[in-house]
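# Coordinate inspection notes
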Amino acid sequence: MALTALVKDDNGSTDGMRSYSQTNSALKDSEIIQSVGTKSFSTNAQNNAQFEPTNVTEVRSFKNLSELKTLTSLLAMHLSRETRSIIFSEIDYLLDPNDFDISEDSLISPESFQSYLRFLTYYPSVCPGNLGVAFSGDLFAVWLEEDGDNEKLLNIEFLPEDHVKCSFSNKKETKLEEAFSYVGPMKRLEKTLAPYSLMDFRPYVI
Amino acid sequence: MSYSQLGKDEHVVRNVSKQRWREVSGKKIVFQQAFALRKKEQLKPPNNKRDEASLSCSWVEFFSGGLEDQVNSCRKALLTGGLIIGAHNALAVCNVGKLEKCGETHDVKIRALHKPNKNNTSKAGIDGMTVKTQTDQLLMDITEIAVVEVFKVGELE
């Protein structure tokens, strides 16, 4: 099963879904250093570099965003440029300081984010997915596959220390055909997902 | 204060942060995390003395008109009640009967109650779940079965 996810295009549009293709073009160290040093993390983040936070909420979300991008740079050698670009675009959207509601939105736990990054390096053929944030601050990724009336939805929430909370549903028209959930170590995901033909989750040994 | 229970054919609408829903191929999908009750440590004062016990929402049929008009009225009522609803948020409409059915499947007695207050007379709550009984499977069933319509706030008038 080829898992696909919605990603924003260059104009920031979220219309349409496109497949993600893995490339192995890792970032050069010099690019990372330059990127972190100038805060020019991504196309969207360039706007953030000029953004001057004016209240506590904006400062918090901006700091959280910077911290997550710095964590990404530490693993950049294992992530393709495309993967990194999608991750940055997703977290820019989720933590946009101009549009952050402290009563409903949550900052992203760095520990959860690290588990997500390790997930991407462990399963490099899997696209980054659509990201979201649980009330706990844990990051989750969602993949959707539609085939006629069939709709498969995979939701993986990343817990600290490489653990995950995973839910899968297969819906035909409006009827739920099958569903399961799993909580445990990330490395057992492949075995857990195998019966459901979610075999894009092949492990990658570093 | 006694609250009235909403019927199976009625609907409630829940405000969903942009962090917990997405539009994929023109289809609006609400993620199960949007229906999770918060633990007390995830709540802000003064509401952080105990775990959340009810999912806040609005009663759709309290207002007249077509579904979109009703949901828009709910949005206005939520704003009056002091809630901040960003243009990127979504409003997820749930059928009460389907919510109850999801609960039955997982041995949880879910019910939707009308809980009006002076700021929001359409205020309602989805009661019956607890932080301990809200399994991932139950939350997934709610988003997959009980959510019948999703509106992006920015697309409403």
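Fair warning: this is a prediction, and the values are worked out from it, not measured in the lab. (Residues numbered from 1 in each chain as written. Chains lettered and ligands numbered in written order. Predicted model: local features only at pLDDT ≥ 70, side-chain atom pairs only at ≥ 80, totals over all residues. Heavy atoms only, no water.)

### Concerning unusual backbone geometry
- Cis peptide bonds are those with omega within 30 degrees of zero, and the linkage from Pro-45 of chain B to Pro-46 of chain B qualifies with 5°.
- For Pro-46 of chain B, the location among the structural elements is in the loop between strand 4 (27–30) and strand 5 (54–59).
- For Glu-161 of chain A, which is not glycine, the phi torsion reads 60° and is therefore positive.
- The residue Glu-161 of chain A is located in the loop between strand 3 (150–159) and strand 4 (163–172) in this model.
- One non-glycine residue, Asp-162 of chain A, lies in positive phi territory at about 60°.
- Among the structural elements, Asp-162 of chain A can be located in the loop between strand 3 and strand 4. (Helix = DSSP H or I, 4+ residues; strand = E, 2+ residues; numbered from the N terminus.)

### A word on the packing of aromatic side chains
- Counted according to the given criterion, the structure contains ten aromatic pairs over all chains.
- Summarising the aromatic geometry, the rings of Phe-140 of chain A and Phe-31 of chain B are spaced 5.5 Å apart at their centres and angled 85° between planes, so their arrangement reads as edge-to-face. Note that Phe-140 of chain A is positioned in strand 2 (residues 139–147) and Phe-31 of chain B in the loop between strand 4 and strand 5, a pairing that runs across two chains.
- Put simply, the rings of Phe-113, Tyr-116, Phe-119, Tyr-122, Tyr-123, Trp-143 and Phe-158 of chain A pair up and form one aromatic cluster.
- In this structure, Arg-14 of chain B packs its charged tip against the face of Phe-35 of chain B, placed 5.9 Å from the ring centre.
- Sitting over the face of the ring of Phe-135 of chain A, Arg-38 of chain B holds its NZ or CZ atom 4.2 Å from the ring centroid. (Phe/Tyr/Trp six-rings, centres within 6.5 Å; stacked < 30°, edge-to-face > 60°. Lys NZ or Arg CZ within 6 Å of the ring centre and 35° of its normal.)

### As for the state of the cysteines
- In total, this model carries zero disulfides over all chains according to the counting rule given.
- Unpaired in this structure, Cys-166 of chain A has its nearest cysteine sulfur neighbour in Cys-127 of chain A, at a distance of 14 Å.
- Cys-57 of chain B forms no disulfide, and the closest cysteine sulfur to it belongs to Cys-94 of chain B, at a distance of 7.3 Å. (Disulfide = S-S within 2.5 Å.)

### Looking at the confidence of the model for chain A
Residue and element names in this part refer to chain A.
- Looking at chain A, pLDDT values average 75 and 69% of them are 70 or higher.
- Model confidence for chain A, summarised as mean pLDDT per element, is weakest for helix 1 (residues 29–38) at 35 and strongest for helix 5 (residues 110–122) at 95.
- In this model residues 1–49 is a low-confidence stretch, pLDDT under 50, and it forms 102 contacts with partners more than four residues away in sequence or in other chains.
- pLDDT under 50 marks residues 201–206. Its contacts with residues more than four places away, or in other chains, come to 21 contacts. (pLDDT = per-residue confidence, 0-100. Contact = heavy atoms within 4.5 Å.)

### Observations regarding the layout of surface pockets
All names here are of chain B.
- Volume-wise, the largest pocket comes out at about 1,000 Å³.
- Mapped onto the lining of the largest pocket, the elements with two or more residues apiece are strand 2 (11–16), strand 5 and strand 8 (123–127).
- Looking at which element gives the most residues to the lining of the largest pocket, the answer is strand 5, with four residues.
- Of the residues in the lining of the largest pocket, the class split is twelve nonpolar, twelve polar and ten charged. (1 Å grid on protein atoms, 1.4 Å probe; cavity = no way out; pocket = protein on both sides within 12 Å on 5 of 7 lines; lining within 4 Å. Points joined across faces, edges and corners; volume = space filled by probe spheres on them. Nonpolar A, V, L, I, M, F, W, Y, C, P; charged D, E, K, R; others polar.)

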